[in-house]
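So the chains spell out like this:
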Amino acid sequence: MTKKPTHVLRDEEQIDAIAKRLKRAHGQLAAVIRMLDEGRNCDEIVTQMSAVSKAVNTAAFTLLSTSLRECIVEDKKNSKEVQEKLQKLFLSLA
């Protein structure tokens, strides 16, 4: 059984930034649910949903770009395989 290439983010500053963005998105998503329950208009709800989507996508792009940077700098034995895997993940967001 071959081990799949993987990477764990180590940049604490980026981890904190990603976590903050996701916590903000979590709050925005709760607001969307509340707006639905309150019967708010579609324009307001879609605007908030768009903000949630952007926050989550930005967090994902930040995670992947930081991971790619770390892989390139680390020059690990399987860095090419990890880079290819991360690139596929990056493209899945597009």
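Residues numbered from 1 in each chain as written. Predicted model: local features only at pLDDT ≥ 70, side-chain atom pairs only at ≥ 80, totals over all residues. Heavy atoms only, no water.

**Considering the overall build of the protein chain**
A tally of regular secondary structure across the protein chain gives three helices and zero strands. Listing the helices and strands of the protein chain from first to last along the sequence gives α-α-α. (Helix = DSSP H or I, 4+ residues; strand = E, 2+ residues; numbered from the N terminus.)

**Points about the pattern of salt bridges**
A side chain of one charge can pair with a side chain of the opposite charge if their charged atoms are brought near each other. Applying the stated criterion to the full structure yields three salt bridges. The shortest N-O distance in the salt bridge between Glu38 and Arg40 comes to 3.4 Å. One salt bridge in this structure joins Glu44 and Arg40, with 3.0 Å as the shortest N-O distance. Judged by its relative accessible area of 37%, Arg40 is partly exposed. Within this structure, Glu38, Arg40 and Glu44 form a network of salt bridges that share partners. (Salt bridge = Lys/Arg side-chain N within 4 Å of Asp/Glu carboxyl O. Buried < 20%, exposed > 50% of the residue type's maximum accessible area, 1.4 Å probe, protein only.)

**So, helix 1 (residues 12-38)**
Under the 1.5 Å per step criterion, the end-to-end length of helix 1 is 39 Å for 27 residues, consistent within 8% with the ideal 39 Å. One side-chain oxygen at the N-terminal end of helix 1 lies 3.1 Å from the backbone nitrogen of Glu13; it belongs to Asp11. Once helix 1 finishes, Gly39 follows within two positions and takes phi at roughly 75°, a positive value. (Expected span 1.5 Å × (residues − 1). Polar contact = N/O pair within 3.5 Å; in protein donor to acceptor, adjacent residues only side chain to side chain.)

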